[in-house]
Amino acid sequence: MTQNKPLAAIYIRVSTQDQAQHGFSLDAQEDSLQNYAKALGYEIFKIYRDEGKSAKDLNRPEMINLLRDAEERKFQAIFIYKLDRFSRSLKDLILTIDRLKEWRIDFISMQDKIETASASGKLMFQIIGAFAEFERNIIGDRTTFGMQKKAKDGGFITKAPKGYKMVNKKLVPHTEQAEEVKQIFQEFINSEISLTKLAKKYGMTTAGIKKLLKNTTYLGKVKFAKQESEGQHEPIIDKQLFDQAKNKLINAGFK
């Protein structure tokens, strides 16, 4: 390979249906893309061929290899024949091109006239990147909304704390651990033992003991994003005992 030329990867894909209906062969795509890449001054690094593969997702052998090599920056550009050769999923397409942008890999779709060598091509790349950011924000908003709804409805979100276990995605008391949690609360309230010694006695860290004593899950509550709701699980500490522990922590300077 000529060292002073940038390297290009060529990705080609055809499904069995494409070939049968349109004669849209891999060889035809390959010839066109090789000529196009060379005309733009690129040396061909490798040709990635997915034959008889659907574009419904990115789980294709050569697509996986292509993206791995792109992340390792083995070439400077990816050439494809048309966007639908790369992916039929708009979300996958947008997010993948955004990743390529982070890796500083140019993306050229010959038939769609999308490339990053010209000012207009770079603008298109930036627009695609903006859509990618928008898509990530939408996904994040949906996830947060779902978790908030689950918490509001009393569902538990994270892993079970000491004293509980998960059964069929529901929080239920763990008999032995629940008794130990009650002992920790009683001992903290009714003795002068330090948090450090209490933690050591029960095989926990000092921070872990403080977190346990402040955990409103034991009152039957569910908390998410600083909002607290009534949970669907059984409380294992009564409110009077919990408040006593809370007040002692505050008086000791722990908020």
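As a reminder, the structure under discussion sits directly above these lines.
Structure report, in brief. Here the structure is a predicted model, which is why all the values come from computation and not from measurement.

The rules behind each value
- Residues numbered from 1 in each chain as written.
- Predicted model: local features only at pLDDT ≥ 70, side-chain atom pairs only at ≥ 80, totals over all residues.
- Heavy atoms only, no water.
- Salt bridge = Lys/Arg side-chain N within 4 Å of Asp/Glu carboxyl O.
- Buried < 20%, exposed > 50% of the residue type's maximum accessible area, 1.4 Å probe, protein only.
- Pairing = 2+ DSSP bridges.
- Helix = DSSP H or I, 4+ residues; strand = E, 2+ residues; numbered from the N terminus.
- Axes fitted to C-alpha atoms, helices over the stretch in contact; angles between N-to-C directions.
- Contact = heavy atoms within 4.5 Å.
- Expected span 1.5 Å × (residues − 1).
- Polar contact = N/O pair within 3.5 Å; in protein donor to acceptor, adjacent residues only side chain to side chain.
- Core = buried A, V, L, I, M, F, W, Y, C linked by side-chain atoms within 4.5 Å.

**Some details on the pattern of salt bridges**
For side chains bearing opposite charge, pairing can occur when the charged atoms are close.
Then step 1. Scanning all chains against the criterion turns up 10 salt bridges.
Then step 2. When the shortest N-O distance is used, the salt bridge between R68 and D69 registers 3.7 Å.
Then step 3. Residue classification places R68 among the partly exposed residues on the basis of a relative accessible area of 41%.
Then step 4. A salt bridge links K74 to D69; its shortest N-O distance comes to 3.3 Å.
Then step 5. One network of salt bridges, in which partners are shared, links R68, D69, E72 and K74.

**Focus: the sheet that holds strand 1 (residues 7-14)**
Then step 1. Strand order in the open sheet formed by four strands is 2-1-3-4, with parallel pairing between adjacent strands. Every interior strand has two partners, whereas the edge strands, strand 2 (43-51) and strand 4 (106-109), have only one. On average, each strand axis in the sheet is inclined to that of its neighbour by 20°, with strand direction left out of account.
Then step 2. Sheet analysis places strand 1 next to strand 3 (residues 77-80), joined by three bridges and oriented parallel. Looking across to strand 3, one finds that A8 is bridged to A77.
Then step 3. Of the strands in this sheet, strand 1, strand 2, strand 3 and strand 4 are in contact with helix 2 (residues 26-39), which crosses strand 1 at around 160°.
Then step 4. Each of strand 1, strand 2 and strand 3 is contacted by helix 3 (residues 61-71), which is oriented at about 150° to strand 2, the strand it contacts most.

**Concerning helix 10 (residues 239-251)**
Then step 1. The end-to-end C-alpha distance of helix 10 is 18 Å, a good match for the 18 Å that 13 residues give at a rise of 1.5 Å each.
Then step 2. Each element contacted by the buried residues of helix 10 is listed here: helix 7 (175-190), helix 8 (195-201) and helix 9 (206-213).
Then step 3. The N-cap residue of helix 10 is D238: its side-chain oxygen and the backbone nitrogen of Q240 are 3.2 Å apart.
Then step 4. Downstream of helix 10 by one or two residues, G253 has phi in the positive range, about 95°.

**Re the environment of S109**
Then step 1. Note that S109 resides in strand 4.
Then step 2. On the basis of relative accessible area, S109 is assigned to the buried category, the value being 0%.
Then step 3. Taking C-alpha positions, S109 is 8.5 Å from I78, a pair spaced 31 residues apart along the chain.

**A look at helix 5 (residues 90-102)**
Then step 1. For helix 5, which comprises 13 residues, the first-to-last C-alpha distance of 19 Å matches the rise-based estimate of 18 Å (1.5 Å per residue) to within 8%.
Then step 2. Among the residues of helix 5, those classed as buried are D92, L93, I94, T96, I97, D98 and L100.
Then step 3. Positive backbone phi, approximately 60°, marks R104, located one or two places after helix 5.

**Quick word on the nonpolar core**
Then step 1. Membership of the largest hydrophobic core comes to 23 residues, with the highest contact counts inside it found for F185, F188, L213, Y218 and I237.
Then step 2. Looking at this core, the elements that each hand over two or more residues are helix 7, helix 8, helix 9 and helix 10.
Then step 3. Per element, the largest residue contribution to this core is six residues, and it comes from helix 7.
Then step 4. L66, L83, I97 and W103 belong to the second-largest nonpolar core, a separate cluster that totals 21 residues.

**A few points about the pairing of strand 6 (residues 170-173)**
Then step 1. The pairing of strand 5 (residues 164-167) with strand 6 spans four bridges and is classified as antiparallel. Of the residues in strand 6, the one forming a bridge with K165 is V172.
Then step 2. Where strand 5 folds back on strand 6, the antiparallel hairpin that results is connected by two residues, among which N168 adopts a positive phi of roughly 55°.

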